[in-house]
Amino acid sequence: MARGMERLLFTSLVGLVIFGALWIAADWPLRASIVILLLGGVGTVLAAVQWATDFKSLGEERSSPARPTFDTAAIEHSGPWGTLEIWAWLWGLFAAIHVVGFPVALPLFVLAYVKFYGGGWTTACSMAVATWGFLYGIFEKVLHVPWPPALLGSWL
């Protein structure tokens, strides 16, 4: 069997499994099925795109198959601090969660991280707003997650 046909069949199988999960979860209460419906919806779109890509490449089979190469570049730390910088960001996020609370700390973290590593204000602000919207929309409004109190309390 040709490699392109194997890819097409595999993508079809994955798509059918995702569709089956969505079909089963459709009868569940919203609170029980929200994760399956959310991830299944994204998975369905991605499987459809992959299926179309596989179908398109099915007709474009090359005469000589590409050989896999196992040469990879070594991971090099770009800064003088290495992984210490990553740990500093994570501990800073941890501290901010305890001081100002999770729903405020995570968008601020995203804003600071994107700006610090060269992103523009438009990108940083839009990602921070998207993070806040996701937290608020999914965890506050749909799942009603109770957040632990912050050290600054109700000031925020």
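Everything quoted here is computed from the prediction, not taken from an experiment.

Draft legend 1. Structural detail: the side chain of Thr131. The residue Thr131 is located in helix α5 (residues 121–142) in this model. A relative accessible area of 18% places Thr131 in the buried class. Setting aside its immediate chain neighbours within four residues, Thr131 contacts Leu106, Pro107 and Val110.

Draft legend 2. Focus on unusual backbone geometry. Even without glycine at this site, His144 takes up a positive phi of about 55°. Considering the arrangement of structural elements, one finds His144 in the segment after α5. Of the residues examined, His144 reaches a relative accessible area of 51% and is grouped as exposed.

Draft legend 3. Summary view of the nonpolar core. Listed in full, the eight residues of the largest apolar core are Trp89, Leu93, Leu106, Phe109, Val110, Val114, Ala124 and Leu135. Within the residue set of this core, elements represented by two or more residues are α3 (84–100), α4 (102–116) and α5. Residue contributions to this core peak at four residues, all from α4. Residues contacting Ala124, with those up to four places away along its chain left out, are Leu111, Val114 and Lys115.

Draft legend 4. Here's a closer look at the environment of Ala124. Within the secondary structure, Ala124 sits in helix α5. As a C-alpha pair, Ala124 and Ala112 span twelve residues in sequence and 7.7 Å in three-dimensional space.

Draft legend 5. View of a nonpolar patch on the surface. A cluster of nonpolar side chains, namely Phe19, Trp23, Ile24, Trp28, Val35, Ile36, Leu38, Leu39 and Phe134, defines an oily patch on the protein surface of about 950 Å² accessible area. For the nonpolar patch, the elements supplying multiple residues, two or more each, are α1 (3–25) and α2 (30–58). No other element matches α2, which puts four residues into the nonpolar patch. Along the chain, Leu38 falls in helix α2.

Draft legend 6. Up close: the packing of aromatic side chains. Using the criterion set out here, one finds 14 aromatic pairs in the structure. Seen from their ring centres, Trp89 and Tyr117 are 6.0 Å apart, and the 45° between their planes marks the pair as tilted. With Trp89 in helix α3 and Tyr117 in the loop between α4 and α5, the pair connects residues that are 28 residues apart, well separated along the chain. We classify Trp89 as buried; its relative accessible area is 19%. Ring centres of Trp91 and Phe94 lie 5.3 Å apart, and the angle between their planes is 85°; this geometry places the pair in the edge-to-face category. Of this pair, Trp91 and Phe94 both sit in helix α3, three residues apart, which is roughly one turn of the helix. Judged by its relative accessible area of 52%, Trp91 falls in the exposed class. An aromatic cluster of at least three residues, connected via ring pairs, comprises Trp89, Phe109, Tyr113, Phe116 and Tyr117.

Parameters at a glance
Residues numbered from 1 in each chain as written. Predicted model: local features only at pLDDT ≥ 70, side-chain atom pairs only at ≥ 80, totals over all residues. Heavy atoms only, no water. Helix = DSSP H or I, 4+ residues; strand = E, 2+ residues; numbered from the N terminus. Buried < 20%, exposed > 50% of the residue type's maximum accessible area, 1.4 Å probe, protein only. Contact = heavy atoms within 4.5 Å. Core = buried A, V, L, I, M, F, W, Y, C linked by side-chain atoms within 4.5 Å. Patch = residues over 30% accessible without salt bridge, like charges linked within 9 Å, V, L, I, M, F, W, Y side chains within 5 Å. Areas by Shrake-Rupley, 256 points an atom, 1.4 Å probe, with all protein chains shown as cover. Salt bridge = Lys/Arg side-chain N within 4 Å of Asp/Glu carboxyl O. Phe/Tyr/Trp six-rings, centres within 6.5 Å; stacked < 30°, edge-to-face > 60°.

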